[in-house]
Structures are given as structure tokens and as C-alpha cells.
Amino acid sequence: MTRSQAFRLAAGGFVDRARPLRFTFDGRPMTGYAGDTLASALLANGVRLLGRSFKYHRPRGLLSAGPEEPNALVELRKGARREPNTKATTVELFDGLEAASQNRWPSLRLDLLSLNSALAPLLPAGFYYKTFMWPRALWERLYEPVIRRAAGLGRAADGHDPDHYEQAYAFCDVLVVGAGPAGLAAALAAGRAGARVILCEEDARLGGRLLSEDLEIDGLPAHVWAEEAVRELSGLAGVRIMPRTAVFGVFDGGTYGALERVTDHLPVPPAFAVRQRLWRIVARRTILASGAIERPVAFAGNDRPGVMLAGAVRTYLNRFAVAPGRRLVLFTSSDDGWRTAAAAARAGMEVAAIVDARAAVPPAVMALAPRGATVHLDARVREALGGRALAGVALEAQTGRQRIAADLLAVSGGWNPNFALASHHGARAEWCPHLVGFAPSGAPDGMVVAGAARGMLSLARCLADGWDAGATGSETLGFRPVGARAFSAEDEPSGVSALWHVKGGRAKAFVDLQNDVTVSDVLLAEREGYRSAEHLKRYTTLGMATDQGKTGNVLALGILAETRGAPVPSVGITRFRPPAVPVAIGALAGRHRGREFRPTRLTPTHAWAQSRGAVFVEAGPWLRAQYYPMPGETDWLETVGREVLTVRRSVGFCDVSTLGKIDVQGPDAGLFLDRLYINTFSTLPVGRARYGIMLREDGFVMDDGTTARLAPDRYYVTTTTANAVRVFQHMQFCHQVLWPDLDVQLVSVSDQWAKLSVAGPKARETLRGVVDAGSDLSSEALPHMGVAEISVMDGIAARIFRLSFSGELAFEVAVPAGYGAALAARLMQAGAAFGITPYGTEALGVMRIEKGHIGGNEIDGRTTAADLGLARMMSRKKDFIGRVLAERPALTAPGRMQLVGLRPLAAGARLRAGAHFLAPGAPAHAGNDEGVMTSVAFSPLIGSWIGLGLLKSGPSRLGQRVRAYDPVRGGDVEVEVVQPCFLDPSGERLHV
């Protein structure tokens, strides 16, 4: 041992004494060894006080040695990498680690907030439900601010997380969860049979309890056997071992969520390395070998630093070569607890007493008592004595009450099978009297629970059960088993008697140490009628913390049942839910954050537009050209006006590649589209296009767009940019779920085609300089809403659609995406004589408002086809999605907000989208709201601002005046209600 590690044993353990590691805790420098956890290193340095409890700020030390730890929550690292609420028992020690205690002020040893403990009588279970009801006026001013400041544990990071996370998929025949004795045996059986096996272990070292026990398998020390098993598994071609990987959830279809801590054991992840990886593992069969969790006992002062689970004491002694104390008292009601006394004596600790609540124990168990240790049967520890550390215990035995000096109290009330993952997907809990606990009754499809996770608490039974699960699981998948395997191992005693609560003592007795839930809280909940497990949990906050009730749930149920005089199964058990272990939000997000949360998509003409000085705007995931300023133009409005007038008077073009494009093929393609859209497409002639409206199931408009028929069994559907993905998902759902009998296939071709809209009186003349010889663009050959497959730019296959969003003669030319920039450059050459201009989304918006075309502002999820003036499109000869619900009385009632056009009465008055409509002279409040201005634009052709809006009974109010009231931007403009089409209502410009 070293001077700085006064509690480190001179020999033993699986730490590398040749690799000392420096770390700090609350600024205090210390040393540990490679192979330590932060918890074991702190114990080696004599640190017993690690944190403060949530509600009462009571001093807390280590209870366990694994992920079930409720007390030792610490902050790791600093600044942007600060990580709160990390369990010290799961943190691998690394050189330079900086850890800090939390939930204390100003320091861990002197926490002024520990005064809360004195106020405990005023803070019983459910006090917040009763206290903060009155007076009502104090809720926002006092109660809520105080509660928010008190809520939560730890501090969030100071800045953006600099680390990276990723997500991955894995597939296997057999997934084994847990690499203890049952898990290793199961993986060996399945791996030897030739199955593809994934073995997940949350710990960095495989072996589970084999690393903590002085046992033998096949004549070898248990840890040596584990090392040989891992070595064999590593050599099997179909086996993948995943250490530092916790399976946290069970989901549909044999899918499991797992979190791999890739570089958490390093100070900083190496360049290009991720910190954590979220796995979706799809398994044909799963073996849950997640072991068991030791159960504490509730008695006065059982939360003091120095009170630990007996199995955890063995872990620190045997795995980490650390003595958690000098003088031990063991308090148990199980055979297993006695093993801790024997292990402590072998390590050189003084075992002052063994206190067993049972009146008699088997001779083989009694033989484990170290020489010199006083054995008290049919006895209880009434109270743990001390302050910031354990000083002794108050004992109640047959010989009377006495006090025993000790700095370590090891407690064992039995073991609870850890089958939380099985219950995520349907497994029920069954009370097992021989365990004095719950075990799984069944398991999700494809899963088998094995070993201690289903109540096999001896080593020999764990090994045999794991092997059988692995062999049977692989055999059911068609792999040839390698035969029975009998492991030679000790079948150690595992008897236990129920012991939930020891009455007496002056201090509080705790059930849930992390949430400060006491025995008295459980009793109060029962008195107030919260007698079921789920009600108890919510009323007391029992099991709601990071340990998810791993150490306290069954204990609380036992106390509740004992109070009611009923068997434990009658009070039920809370349902475990994912995640079984904490999962960082960063891991759930993976690479989808910052700019990668929604990667920016660039149009095929982006580089070309950039070279022309375009100003860009985000349009959903796309970066689109907003407008193209020219020298001498003073602001964007001037630029947009020029672009609009050029299109109206001559010719311009715009990149519309961002529209969704879906290729629909098959004999039933027309029928499929008929069911999706309100109008009919099965009658559409080949070579023609039609405008369509798609409804949601509730009758509201989902999207609009044009659909062209390229062949008798092939359609080309376009959607709005914003709804491209949504519409495709909707179509896939309809095909796969609603109408799987239809012979139709869908594929998104949005990225396959670059598409440019060429509009204006000179559009046809311009395109003649682009299309190849033989392509007829006349109105006779290509009428409005006509479609043709042609070639452009000397042999490039293209499609041309005579469609118009601007109200002008217009064509949409689609070419393979790689030719988009070349097409833009060729159009500039062909239209140079006409003064052609590229135009962006702003000019596009101006022209569609001038023409009265609806857009995303009008299709806002609240409008029906009738609201938008498109009721006549709704077919009465066929059924379609949304037809029935679109006819609900509320959606057809008079007075609904409907589409209209708006013009300001005052020359030069500016309109703003979002303004609400009020009757002239009406007070400005919600009760007088008559609608909303959805879209506005300055029309250079008309010479004023114009707008589209949704107004109550709008079409019947043409010529009336309303106020466009905008309280946010101080606007109050009187406008006239007009037809939504401001330009060429007869459509003459479209047909030239």
C-alpha cells in the first residue's frame, strides 16, 4: 500500500499497481490504480463522505459497488464537459480525472442546507401536494421559483458539448445481456454451436460476481475461469464481445437499445473518436443474464457513511483490494451475508460481530464465522451511530441491548433478481418465497431469463442455467448444439428470511436513500390511502431517481405489506420502464445536432447561383436563392420588384428542384392516387398533368401539387417542398397498411431531377434555344398542363411540363440533377436577347400571391379544401382519405374562415402577415377576431401591398372593409376584401 492509499490491501485484487493514476475529489489530490473505479479509489484513500442526500442533505457514503448505487453521485470534469449525477461506482479511474461532490453548499463537510434535516417533520411524503395550494397568489411569486431552484441534482455543463456521439445497428442470432457466470456460460454454448452471438456487459471487465467472490469453477479460481471463457469467446468467429455496453431497453421486433461508453474512461476522446455510441441491436433470441441486486434493511441511521451492502464489501475487498473499513459488523438475514465476514477476516479486517435476524443458521454457514467474531442470532441492529461517518451500532439481541464500536456495517437482506429489462416488454413479476423477492414470470417473445436474474443464486445453478439457455436458444434457431456441459462449481448456501424494517432507534430509517424516502413516509402513504405500489411510488417519489428503485422498491413493498398485514404480492410491484440505466441526451441524438440536426441541402444550381451573387434563405432543410441583387440596387425590395417585372414582361427562371417528386408505378397506380387525392387521376390522359389536393384523415388539407401521367401505369407526383417527406411517408403507410392489396410501387425521385421553372411571355422563345431539334413547344403540341419527354442541350434526356405557379406562360424543365447548373447557364445564354433574369423565392412568392395561389401559409393544418375555395374539386363519385370527416358540421358550417384577397385602402400602407382581422371600430380582443392575414407581398405590377387571408365568411364579404390589426408590430391598417386573384383572373396569360 502507499501512504496516500491507507485502506489499500497489500496484495490481491485486479488493479495494476504498476500504473498509478492521479485524480482529484473536491480539489483534493489523490492517487489510485488502473483498474479502479472512482469509488474504490476514494475508499482506498479513506474517503467515506461522498455526497449529500437530495431532500434533507444528509451525509452519504457508498452503499454499493455497481450501477445500483443511490448515494455516490458526483460531477465529473469541468466546463463544457461537466457531467453531473454520475455514479462513482461505474466511473473508471483515469489519470487526471476531476470529480466533485454535489448537492451541497458551501462544502461537502459543512453543508448549511443540512438544516433541512431539522425541518423533516414539516417535509413528510406528499408535503408539496398539500403545502403549495394556498394562498394561490404565492404560487408564481414564491412557491414555483423556490421549487425550481431546489429541484434537480448537480449542475449542467457550462457550454455546448464538445464531444461527439453516434448511432449504429447490429444484428445477431443470440444476444446475451450480462457477462457474469450465467452470461458467459450462455455465450459459450451459443458460440460453440456456431450462432452469431453478441455479448454485452456494462462493466469494463467481464466476469460479474466472479470478480468479487472467492469461488472456484472447474478447479480454477472463478476469475481465472472467467478470463479463459472470455479468451475462448474472443477466438470464436461469430462472437462479438461488447464491454462498457449497457442494454437499457427492450423494444418491438426483438430490438434492444444499448449504450456503449466508448471513451468515457479517457480524459478527452481522441480526435475523430466518439464519446458514446447508441446501438440498436436486433436479435433473434436473447438471454437476459443481468444478475441480482442485494437488498438493504431499513433501520435507524441506515444511511450513514459506512453502512454498505455486504456484497459490495466483498467486491471492494476481492476485486479492488480495498478495505472499506477497519472494524466490521455484519447484519444479515441471509446465508450469503456471512461470506462477507469470512472475506473481511481473510483481508485482515477485524470482524467485531455477526448479527443474524434468524434464530438458527445451517452449520455450513456458521462455519464461515471468523475466529474471534461474536455471533448474535435472533438479533437486530436497531441503529447505526455516528455523524458524517459510522462510529458504531446499537444492537438488540437476546442478551439485551448493547453498543458495538465499528466503522463499517455490512448489511444483507437477500438478493432481488434484476429482471427489469424483461418487464419492459410484458414480463410479469412473480413472488418467490424462497427468495423473499420477485422473479420474472415469463419473458418477452424471443427472450429467456437465466441465472441470478431469474432467482438462481448459487454459482453452480447459474452456470448450468446459463449454459442451458444458450444451448437451447441456438438449437431453436437451427444450430447444432455441442452437447451438455457440466461445470464443477460450488453450490453455496443461499437461504434467506424476510427482514424489512427494524423498529426503534432515534434516527430516521430510510428506504430510498437517493430521494430521502423513509419508513415513516411509507407508513404515512398507507394511512392516507396510497396502498398500491404505483400510488406509493408517486406519492413518496420512491424509486424515481437515477437508481430507479433498484435497492429500495422491494424493501418498500415489504414494509407496506407488513403494515397492512398482507402478503407482499397483494400490494403489487411497480412496472420497470426504459431506460434501465441513465442515457445521455447526446447519445439519443447521435450526430443529429447543430447543423447536423437537419443537414442543409443544396439545390443543383446552388454553386451557379452563388457565383451570380444570390442571397440565400433557409427553406426547410434547403438553402434556396432568395433573390439576385444587381449593382445599384439599394435593398431587397427593389431587387425583387425587378425580378417580378422582368418575368411579367419578358422571361425569368427559378430553381424549383426542392419540390417533392414521387414516381408511382403499377397497374393500380391510378386507383391508388384516386384514394389519396380529392379529385380523380385514374382518368388523366397520358401526357397530361392535373392539380390535386390531398387531405389528412381528419378532413383538413395536407398538401397540394401536380401529378403527371407518363404512361398508362406510371405517374409522376410533385409535392410542396415543406411536405415532401411527410407526403411520401403517408403514401407508404397507405400502401403498406391500408391497401396492401393494390399492385403499386413508390419511389422518391426528388434528388434524381433538377427542375427549373421558365416563366414569362418570352419563355417559349427562350426554351427553343435550349431544347434539341424536333421538340415542339407550341400550344398545340404542348398545351397548358401538358407533359412531354424530350432532350435538351445536345442529347440530355429531359422532361418538360407546361405548368405555371406565376400565372404567366411557364414551363418546368427537369434534367438529371448533375445537369442543373449547366441548364441554368444555357438558359441565361438563350434568353440574353430578352433580358432574362434568374429569380428567387421572394419573387416567386410575390407572383403566386398576385395570382392567388395557395402556399404553405394557407395550408397550415387548419384549412379544408372548401376554406381555400377548392370545394368543387372534391369528387362525389369516389371515396378518398378525409372525405367523410371533411363533411363534419363544424367543417362545413357557415362563418368558417375562408380564403380572400386584401388590398389596403390607404395608398402606400404596408400589410404584414400574421395581422388579425377586426371589424372597423371593434375593440381589439380575441372575442372579435375574424381571421388572419396569411401572406403578403408588395406587387410592383399593381403598385401596392396585397395579401391573402382567411376571413370569416370571406367570399360573401367582397367589397367590405376590415382592419388588419397587428399588436406585435404596431400595425392597424384598413383593408378591402377582394377576390384572391389579383392578376389575369381569366388565365389568358397561361395559354399564349
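The coordinates are above.
Criteria and cut-off values
Residues numbered from 1 in each chain as written. Predicted model: local features only at pLDDT ≥ 70, side-chain atom pairs only at ≥ 80, totals over all residues. Heavy atoms only, no water. Buried < 20%, exposed > 50% of the residue type's maximum accessible area, 1.4 Å probe, protein only. Helix = DSSP H or I, 4+ residues; strand = E, 2+ residues; numbered from the N terminus. Pairing = 2+ DSSP bridges. Axes fitted to C-alpha atoms, helices over the stretch in contact; angles between N-to-C directions. Parallel < 35°, antiparallel > 145°, perpendicular 65-115°, else oblique. Left-handed = near helix turned anticlockwise from the far one by under 90°. Contact = heavy atoms within 4.5 Å. Nonpolar A, V, L, I, M, F, W, Y, C, P; charged D, E, K, R; others polar. Phe/Tyr/Trp six-rings, centres within 6.5 Å; stacked < 30°, edge-to-face > 60°. Lys NZ or Arg CZ within 6 Å of the ring centre and 35° of its normal. Salt bridge = Lys/Arg side-chain N within 4 Å of Asp/Glu carboxyl O.

Details of helix 6 (residues 310-318)
Across the 9 residues that make up helix 6, a large majority, 8, are buried. The complete set of buried residues in helix 6 reads Ala 310, Gly 311, Ala 312, Val 313, Arg 314, Thr 315, Tyr 316 and Leu 317.

Some details on the sheet that holds strand 24 (residues 408-412)
Taken in spatial order, the 5 strands line up as 17-24-18-19-20 in an open sheet, and their pairing is parallel. Each of the sheet's edge strands pairs with one partner strand only, and the pair in question is strand 17 (307-309) and strand 20 (374-377). Along the sheet, successive strands turn relative to each other by an average axial angle of 20°, direction set aside. In this sheet, strand 24 lies alongside strand 17 in parallel orientation, the contact comprising 3 bridges. Residue pairing for strand 24: Met 308 is matched across the bridge by Ala 410.

So, the packing of helix 17 (residues 669-676) against helix 18 (residues 724-738)
Look at helix 17 against helix 18: their axes get within 11 Å of each other, and the N-to-C directions meet at 115°. Here helix 17 lies roughly perpendicular to helix 18, going by the angle between them. When the axes of helix 17 and helix 18 are compared, the crossing they make is right-handed. Contacts from Phe 672, Leu 673 and Leu 676 of helix 17 reach helix 18 at His 730, Met 731, Cys 734 and His 735. In terms of residue class, the contact of helix 17 with helix 18 is made up of 5 nonpolar, 2 polar and no charged.

Some remarks on the packing of aromatic side chains
On inspection of all chains with the given rule, the structure shows 13 aromatic pairs. Seen in terms of ring centroids, Trp 431 and Phe 438 are 5.0 Å apart; in terms of plane orientation they differ by 75°. Their pairing is edge-to-face. Taken together, the ring pairs connect Trp 225, Trp 467 and Phe 487 into an aromatic cluster. The ring of Phe 7 has Arg 48 sitting right over it, with the charged end atom 4.3 Å from the ring centre.

Section: the pattern of salt bridges
Considering all chains together, one arrives at 57 salt bridges under this definition. When the shortest N-O distance is used, the salt bridge between Asp 203 and Arg 319 registers 2.6 Å. Separated by 116 residues along the polypeptide, Asp 203 in the loop between strand 9 (197-200) and strand 10 (216-217) and Arg 319 in the loop between helix 6 and strand 18 (327-332) bring together distant segments of the chain. By relative accessible area, Arg 319 is classed as buried at 11%. Sharing partners across several salt bridges, the network here consists of Arg 77, Arg 81, Glu 83, Asp 163, Asp 264 and Arg 275.

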